[in-house]
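Structure at a glance
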Amino acid sequence: MAATPIFISYRRDDTAGYARALCDALAARFGADRVFMDVDDIAAGQPFAEVLRRAVDGSSVLLVLIGPRWRGERAGQQARIDEAGDFVRLEVAAALAGRCRVIPLLIDGTPMPTAAQLPPDLQALAGRNALELGNAHFAADLD
């Protein structure tokens, strides 16, 4: 797999529609081969975690789409982000530990998680400058 400068990290049950719109817009501007989105770039039968790790390692920028369910809260269970094997956590932690620029995108006014709401390997995310991406002003935010 060739280096992909832009990696889109999102939780499917939180911001999939925004991730698709963002992917399409970035692909139109930079080329589809320069944007990584799991559903487009991981073929059937490929080892999911391994492909994600290689893609993050080869990226210049990781965009973290943070919506109201990004942490993956579940009734009676720990949030998915607190599980060591959570793919969103693995993506963001690898980018924070590497040389990749990590840019949080706060979706429709979702607040930035605090360091206390994040596992130790993601706490640096709370200190990153975030951008907003909203439905009512998507094109302007994208610019």
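This report concerns the structure included in the present document. (Residues numbered from 1 in each chain as written. Predicted model: local features only at pLDDT ≥ 70, side-chain atom pairs only at ≥ 80, totals over all residues. Heavy atoms only, no water.)

1. Comments concerning the state of the cysteines
- A full pass over the atoms with the stated rule returns zero disulfides.
- Lacking any disulfide linkage, C23 is separated from the closest cysteine sulfur, that of C100, by 16 Å.
- Residue C100 is classed as buried on the basis of its relative accessible area, which comes to 8%. (Disulfide = S-S within 2.5 Å. Buried < 20%, exposed > 50% of the residue type's maximum accessible area, 1.4 Å probe, protein only.)

2. Topic: unusual backbone geometry
- Look at D108: it is not a glycine, yet its phi comes out positive at around 50°.
- Inspection of the secondary structure puts D108 in the loop between β4 (101-107) and β5 (131-133). (Helix = DSSP H or I, 4+ residues; strand = E, 2+ residues; numbered from the N terminus.)

3. Quick notes on the side chain of S9
- As for its placement among the helices and strands, S9 is situated in strand β1 (residues 6-9).
- Of note is the side chain of S9, whose polar atom sits 2.6 Å from the side chain of E91.
- With residues up to four places along the chain from it excluded, the contact list for S9 reads L62, L63, V64, L65, V88, E91 and V92. (Polar contact = N/O pair within 3.5 Å; in protein donor to acceptor, adjacent residues only side chain to side chain. Contact = heavy atoms within 4.5 Å.)

4. With respect to the environment of R69
- Along the chain, R69 turns up in the loop between β3 (61-66) and α4 (87-97).
- You can call R69 partly exposed: its relative accessible area is 44%.
- For R69, the contacting residues outside a window of four places in its chain are R11, D13 and D14.
- Within the structure, the side chain of R69 is placed 2.6 Å from the backbone oxygen of D13, a separation counted as a polar contact.

5. Section: the pairing of β4
- With six of seven residues buried, β4 lies mostly within the body of the structure.
- With six bridges connecting them, β3 and β4 associate as parallel partners. Paired with V61 across the two strands is R101, which belongs to β4.
- With respect to chirality, the unit in which β3 leads through α4 into the neighbouring parallel β4 is right-handed.
- Sheet analysis places β4 next to β5, joined by three bridges and oriented parallel. Counterpart to L106 in the pairing with β5 is E132. (Pairing = 2+ DSSP bridges. Right-handed = clockwise from strand over helix to strand, strands pointing away.)

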